[in-house]
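The primary structure of each chain is shown beneath.
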Number of protein chains: 2
Amino acid sequence: MSNEDDHPSREEITLGPVLAALADPHRRRVVATLVLAPDGTEIGCSSFGLPVTKATRTYHFRMLREAGLIGMVDYGNCRKTYLRRADIEAKFPGLLAWVVAEVEAASG
Amino acid sequence: MSNEDDHPSREEITLGPVLAALADPHRRRVVATLVLAPDGTEIGCSSFGLPVTKATRTYHFRMLREAGLIGMVDYGNCRKTYLRRADIEAKFPGLLAWVVAEVEAASG
């Protein structure tokens, strides 16, 4: 995978895939973690501590990437993910804050 | 079913069920139709023209109701649905407009 393949451009980001991606609580947790990190932070996909198999984890990150919520960078021996904060804020202002608020409320 | 049973209060409306309800394009179409109707409009569930079986339609409306997006009124021989516009706008301002914009873009 090259770094920019199958990342939708900002114009290609649409509501349906974003909502479908965020309909899952594991995926919302990934997004919330990235929102709370400093802008531009890259996190290894295995570092989020999702309680799922590797195949399921791959699926979750693909949903997020294809929706345009995250980008992924391939470092050869590992892949890291970053939040497309400016793109999502531009398209759906407030959405990322709702995700964080829900995750924070759930974790007490 | 009484009119107010299993309708979450505004405080009980949370992001997860709302996103899950809106992850489906048929359900977004129902919501968009209600958003575009005058405030307080009640529409019979069979009047939305969803291309699905009655059982599936019932499921879609249950997802929307339990998420707090719509309310339902039982008139004995028919059920009508209305948008919980003020509740959703208060919790997630802008969300309903995104749904309408997407449905309108898709329909030409």
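Thresholds, definitions, all that
Residues numbered from 1 in each chain as written. Chains lettered and ligands numbered in written order. Predicted model: local features only at pLDDT ≥ 70, side-chain atom pairs only at ≥ 80, totals over all residues. Heavy atoms only, no water. Pairing = 2+ DSSP bridges. Helix = DSSP H or I, 4+ residues; strand = E, 2+ residues; numbered from the N terminus. Contact = heavy atoms within 4.5 Å. Axes fitted to C-alpha atoms, helices over the stretch in contact; angles between N-to-C directions. Buried < 20%, exposed > 50% of the residue type's maximum accessible area, 1.4 Å probe, protein only. Salt bridge = Lys/Arg side-chain N within 4 Å of Asp/Glu carboxyl O. Least-squares fit on C-alpha atoms with pLDDT ≥ 70 in both. Buried area = accessible area lost by both parts, 1.4 Å probe. Polar contact = N/O pair within 3.5 Å; in protein donor to acceptor, adjacent residues only side chain to side chain.

Teacher, can you tell me more about the sheet that holds strand β2 (residues 70–74) of chain A here?
Paired through their backbone hydrogen bonds, the strands of a sheet run either parallel or antiparallel. Residues and elements named next belong to chain A. Strand order in the open sheet formed by three strands is β1-β3-β2, with antiparallel pairing between adjacent strands. A strand with exactly one partner marks an edge of an open sheet, and here the two such strands are β1 (43–44) and β2. Pairing of β1 with strand β3 (residues 79–83), which is carried by two bridges, proceeds in the antiparallel orientation. Its bridge partner lying in β3, Gly44 is registered against Lys80.

What am I meant to see in the environment of B:Phe48 here?
Residue and element names in this part refer to chain B. By secondary structure assignment, the location of Phe48 is in the loop between β1 (43–44) and α3 (54–67). Taking the C-alpha atoms as reference points, Phe48 and Thr33, 15 residues apart in sequence, are found 8.0 Å from one another. Look past the residues within four positions of Phe48 in its chain and what remains in contact with it is Arg29, Val30, Thr33, Leu34, Ile43, Phe61 and Thr81.

I keep staring at the sheet that holds β1(B) and nothing clicks. Help me out?
All names here are of chain B. In spatial order, the strands read β1-β3-β2; together these three strands make up an open sheet with antiparallel pairing. In this open sheet, the two strands that pair with only one neighbour each are β1 and β2 (70–74). Strand contacts of α3: β2 and β3 (79–83), with the helix running at about 115° to β2, the strand carrying the most contacts.

Looking at this structure, how should I read the pairing of β3(B)?
Side-chain direction in a regular strand flips from residue to residue, so the side chains alternate between the two faces of the sheet. Residue and element names in this part refer to chain B. Bridge count between β2 and β3: five bridges; the pairing is antiparallel. Within the sheet, the bridge partner assigned to Asp74 lies in β3 and is Arg79. Between β2 and the antiparallel strand that follows it, β3, lie four residues; Gly76 among them carries a positive phi value of about 85°.

Whenever I open this one, the side chain of B:Arg28 confuses me. Can you help?
Mapped onto the elements, B:Arg28 comes out in helix α2 (residues 25–36). Classification of B:Arg28 by relative accessible area gives buried; the value is 5%. What B:Arg28 contacts, discounting residues up to four positions off in sequence, is A:Leu15, A:Gly16, A:Leu19, B:Leu22, B:Ala23, B:Val99, B:Glu102 and B:Val103.

So what exactly am I meant to see when it comes to the pattern of salt bridges here?
Side-chain pairing between opposite charges can occur once the charged atoms of the two side chains come close. Residues and elements named next belong to chain B. Under the definition given, this model contains ten salt bridges over all chains. Between Arg85 and Asp39 there is a salt bridge, and its shortest N-O distance comes to 2.8 Å. Highlighted residues: Arg85 in helix α4 (residues 85–91) and Asp39 in the loop between α2 and β1, separated in sequence by 46 residues. Assessed through its relative accessible area of 21%, Arg85 is described here as partly exposed.

Help me out: how do you make sense of the relation of the copies chain B and chain A in this one?
Put simply, the two copies of the chain differ by a rotation about an axis and a shift along that axis. Rotating chain B by 180° and translating it 0.0 Å along the rotation axis places it on chain A, where the RMSD comes to 0.0 Å. With respect to symmetry, the two chain copies, as superposed, fit the operation of a two-fold axis. Residue B:Leu19 of chain B places its C-alpha closer to the rotation axis than any other residue of that unit, at 2.9 Å. Here 100% of the interface residues in chain B have copies in chain A that are interface residues too; the copies meet face to matching face.

How should the environment of B:Cys78 be read in this particular structure?
Residues and elements named next belong to chain B. Turning to its location among the elements, Cys78 is positioned in the loop between β2 and β3. Owing to a relative accessible area of 31%, Cys78 belongs among the partly exposed residues under this scheme. As a C-alpha pair, Cys78 and Cys45 span 33 residues in sequence and 8.3 Å in three-dimensional space.

Which parts of the structure should I look at to understand the interface of chain B and chain A?
When the parts come together, some accessible area is lost, and that loss is often what is quoted as the size of the interface. Contact with chain B, which involves 14 residues of that partner, is made by 14 residues of chain A. Across the interface of chain B and chain A, roughly 1,200 Å² is buried in total on both sides, 82% from carbon and sulfur atoms. Of all residues in chain B, B:Leu15, B:Leu19 and B:Trp98 give up the largest surface area on contact with chain A, accounting jointly for 53% of the area buried on that side. The interface formed by chain B and chain A contains two residue pairs in polar contact (both at pLDDT 80 or more). For the side of chain B that touches chain A, the secondary structure elements donating two or more residues are α1 (15–22) and α5 (95–106) of chain B. Residue contributions to the side of chain B that touches chain A peak at five residues, all from α1(B).

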